[in-house]
Amino acid sequence: MRSNFQKKVFNVVKKIPEGKVLSYKKVAELAGLPLSWRAVGNILNKNEDKRIPCHRVVRADRKIGGYNKGERIKTYLLKKEGIIFKNGKITSRFTK
DNA sequence: GACCTGACTCAAC
DNA sequence: AGTTGAGCCAGGT
């Protein structure tokens, strides 16, 4: 279901540049619904959006979070973009 | 209404 | 000090 909320979230995530990583909460804020960050996790994790770098969205505590295709792929893609992972935790500058 | 996911807080090791 | 788990809350599908 493409709700207005999803549309906003997708739009924000699509704008995330390579090597940049945001938290689900931050995405919700940029989408204009700072209180709906929980929903952001649901949408990004369940929907496989090829054009949506949902792998660049991680948890605010710097952990991977979830991924439709697998957490391993998510970590791999992020590392390729310059994001360093340590024990499943991100060690890079990202807008919390 | 149920289930799922993430953020925040606190406690314990 | 750093890591981990559990519980609580909010919203969407």
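The shown structure was predicted, so the numbers you read here are calculated from the model rather than taken from an experiment. (Residues numbered from 1 in each chain as written. Chains lettered and ligands numbered in written order. Predicted model: local features only at pLDDT ≥ 70, side-chain atom pairs only at ≥ 80, totals over all residues. Heavy atoms only, no water.)

## A closer look at the packing of helix H1 (residues 4-14) against helix H3 (residues 37-46)
Condition: The axes are straight lines fitted to the C-alpha atoms, using for helices just the contacting stretch, and the angles between their N-to-C directions are given from 0 to 180°. Helical segments are the DSSP runs of H or I of at least four residues, strand segments are the runs of E of at least two, and each set is numbered from the N terminus. These descriptions rest on fixed angle ranges, namely under 35 degrees for roughly parallel, over 145 for roughly antiparallel, 65 to 115 for roughly perpendicular, and the rest for oblique. What makes two residues a contact is simply this: any of their non-hydrogen atoms within 4.5 Å. Gly counts as polar in this scheme, as do all residues outside two lists: the nonpolar Ala, Val, Leu, Ile, Met, Phe, Trp, Tyr, Cys and Pro, and the charged Asp, Glu, Lys and Arg.
Axis separation between H1 and H3 bottoms out at 10 Å; the angle between their running directions is 75°. Between H1 and H3, the crossing angle belongs to the class labelled roughly perpendicular. Counted together, Phe5, Gln6, Val9, Phe10 and Val13 of H1 and Ala39, Val40, Ile43 and Leu44 of H3 form the full contact between these two elements. A class-by-class count of the residues in the contact of H1 with H3 yields eight nonpolar, one polar and no charged.

## Re the nonpolar core
Let me state the cut-off plainly: The set of buried Ala, Val, Leu, Ile, Met, Phe, Trp, Tyr and Cys residues whose side-chain atoms join them within 4.5 Å is what this entry labels a nonpolar core. Each residue is assigned to one of three classes by its accessible area relative to the maximum for its type, calculated with a 1.4 Å probe on protein chains only: buried under 20%, partly exposed between the two thresholds, exposed over 50%.
Val9, Val13, Val27, Val40, Leu44 and Val57 are the most contacted members of the largest nonpolar core, which has 18 residues in total. When contributions to this core are tallied by element, the ones reaching two or more residues are H1, helix H2 (24-31) and H3. Excluding anything up to four places from it in sequence, Val27 contacts Val9, Val12, Val13, Leu22, Val40 and Val57. Counting residues in hydrophobic clusters, the runner-up holds eight residues, among them Val21, Val58, Ile90 and Phe94.

## With respect to the protein's contact with DNA strand C
Filter applied, for reference: Any residue with at least one heavy atom within 4 Å of a molecule or strand is counted as near it. In protein, a polar contact requires one atom able to donate a hydrogen and another able to accept it; more generally it is a pair of N or O atoms within 3.5 Å, and residues adjacent in sequence count only if both atoms are side-chain atoms.
In the region of DNA strand C, the neighbouring residues are Ser3, Gln6, Leu35, Ser36, Arg38, Ala39, Asn42 and Lys89. Arg38 places a polar side-chain atom, nitrogen or oxygen, 2.8 Å from a base nitrogen of DNA strand C. Side-chain polar atom of Lys89 to a phosphate oxygen of DNA strand C: 3.0 Å apart, as the coordinates give it. Top contributing element to the surface near DNA strand C by residue count: H3, with three residues. Considered class by class, the residues forming the surface near DNA strand C number two nonpolar, four polar and two charged.

## Some details on the protein's contact with DNA strand B
Around DNA strand B sit 14 residues, and of these Trp37, Arg38, Asn42, Arg59 and Ala60 come closest. In DNA strand B, atoms within 4 Å of the protein come from the sugar-phosphate backbone in 79% of cases. Between DNA strand B and the protein, one listed contact pairs a sugar or linking oxygen with a side-chain N or O atom of Asn42 at 2.6 Å. One of the backbone nitrogen or oxygen atoms of Gly66 is found 2.8 Å away from a phosphate oxygen of DNA strand B. Among the secondary structure elements, those contributing two or more residues to the surface near DNA strand B are H2 and H3. Considering each element in turn, the surface near DNA strand B owes the most residues, six residues, to H3. Residue classes in the surface near DNA strand B are distributed as four nonpolar, five polar and five charged.

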